[in-house]
Amino acid sequence: MSKANSNNNNDNNKVRIFDTTLRDGEQTPGVTVTPDQKVQIAIKLDELGVDAIEAGFPIVSQGEMQAVKTIANQGLKAEICGLARATEADINAAIKCDLKYVHTFIATSDIHMQYKLKMTPEQVMDKAVKAVEYAKKHGMQVEFSAEDATRSDRQFLLKVFKAVTDAGADRIDIPDTVGYRTPDYIAEIVRDVKSVTALPISVHCHNDFGLAVANAIAGVNAGAACAHVTINGLGERAGNASLEEFVMALEILYNKKHNINTKLIYETSKFVSNAMGIIVQPNKAIIGENAFGHESGIHTHGIINNPLTYEPIAPELVGRKRWLQAGKHAGAHGIRAMLEDFGIKPTDEQLKQIVEKQKNIADKGKSITTSELLAIAGEIMGST
Ligand code: KIV
Ligand code: ZN
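Since we're looking at a predicted model, the values are computed, not measured.

(A) How the structure looks around the overall build of the protein. For the protein, the count of helices and strands is 14 helices and 10 strands. For the protein, the spread of C-alpha atoms along the three principal axes comes to 85 × 40 × 40 Å. Considering the protein as a whole, with its 384 residues, one finds that 48% of them fall into the buried category. In the protein, the proportion of contacts linking residues at least 24 apart, taken out of those at least 6 apart, comes to 69%.

(B) Expanded view of the nonpolar core. In terms of nonpolar packing, the biggest core is built from 96 residues, with I53, A216 and A227 touching the most fellow members. Residues in contact with I53, not counting those within four places in the same chain, are D19, L22, A42, L45, D46, I71, A78, I80 and C81. Within the second largest apolar cluster, 13 residues are counted, among which are M338, L339, I354 and I376.

(C) Geometry of the UniProt feature "domain: Pyruvate carboxyltransferase" (unreviewed entry) in the protein. Cross-referencing UniProt, the feature "domain: Pyruvate carboxyltransferase" (unreviewed entry) maps to residues 15–266 in the present numbering. Annotated as 42% helix and 18% strand, the span residues 15–266 places its first and last C-alpha atoms 20 Å apart.

(D) Structural detail: the site of ligand 1. In the vicinity of ligand 1, the contacting residues are D24, F105, S145, E147, P175, T177, H204 and H206. Of the residues contributing to the shell around ligand 1, the split by class is 2 nonpolar, 4 polar and 2 charged.

(E) Molecular detail of the confidence of the model for the protein. Mean pLDDT for the protein: 95, with 96% of residues reaching 70 or above. Reported confidence for the predicted complex is 0.99 by ipTM and 0.93 by pTM.

Rules of the game
Residues numbered from 1 in each chain as written. Chains lettered and ligands numbered in written order. Predicted model: local features only at pLDDT ≥ 70, side-chain atom pairs only at ≥ 80, totals over all residues. Helix = DSSP H or I, 4+ residues; strand = E, 2+ residues; numbered from the N terminus. Buried ≥ 20, exposed ≤ 12 C-beta atoms within 10 Å, placed from the backbone. Contact = placed C-beta atoms within 7 Å. Core = buried A, V, L, I, M, F, W, Y, C linked by C-beta atoms within 7 Å. UniProt positions renumbered as here; feature names shortened; annotations may be inferred. Near = placed C-beta within 6 Å. Nonpolar A, V, L, I, M, F, W, Y, C, P; charged D, E, K, R; others polar. pLDDT = per-residue confidence, 0-100.

Listed below in structure tokens is the structure:
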């Protein structure tokens, strides 16, 4: 069995991770990376353990072709794939990049067929089948996506999926192209698609309503073998399902297997953020600066006694460290722990004064950095 078919229904509990940071992620408004940066990111994704890397959209430019070809020839463990519209020209561009795996797509919703493609459903069906046949004739593994699947007429969508299955496709992808659906809907569409094809199914969920990760999880729980995800949730508009959130939810909340080395998650997130120039919001789950930071006295007290009180994920599991923050919510336990990290051991009375002083400053609307806290401690401990 080829690797493209190896990670699906044989191990029902193992979810295949198809990373599209270098394709949908690079479609984030304002982002462009050089071919060399794309190769560096692909190497990082491979180390992270993703099963498939969508390296780019070869037809779009010479630089893109050069990058995809270099990635295809890097000898990475992950399968390398390229995007192609359902045309011979696009598929030829993927072939020229030495790819063995193509992700071809055409839209199936009325609104896309009428206003974008200006094609009838029959023409769309014909193009989809011809594209799959053409790619198969050239020895490619083929993943077929029906763009805007979740807003498509269900009977037409199922007919298209059945036809491309008969034409030899290896995988079927269900894109929620404008992030328009909810988990119940995604679960139902996956079950429906499974009724017309035995091929492994992927879900490709966008985040327009902030539901991408929940939708991707609903998809795999309903029987999809794979989810398309991106590092830091990058992607068109509000982005795609974030790899970090999806994988950690699989691991901790659903006890499902995957091939990701979670300890490399933070490092990979930082690398991509720097390369693509998109800063991660501080309160983003798993990878945001605050995800493992604690200020409130009640929380830090709990954390110091047993981290599980306020940390559902151990920071080390995703390559991070917890940190404590001084401020008006901070309590004596947290401030003592912060000072002890620097070898500073105040008496109970000194600690009381330090906590009071930093709370007075915080009450004036000022946040307190670690060096300011150390200065306060020095002032008080030096003076008693
Ligand atoms: O969101 C989408 O529909 C896509 C397709 C190209 C699969 O990215
Ligand atoms: Zn997309």
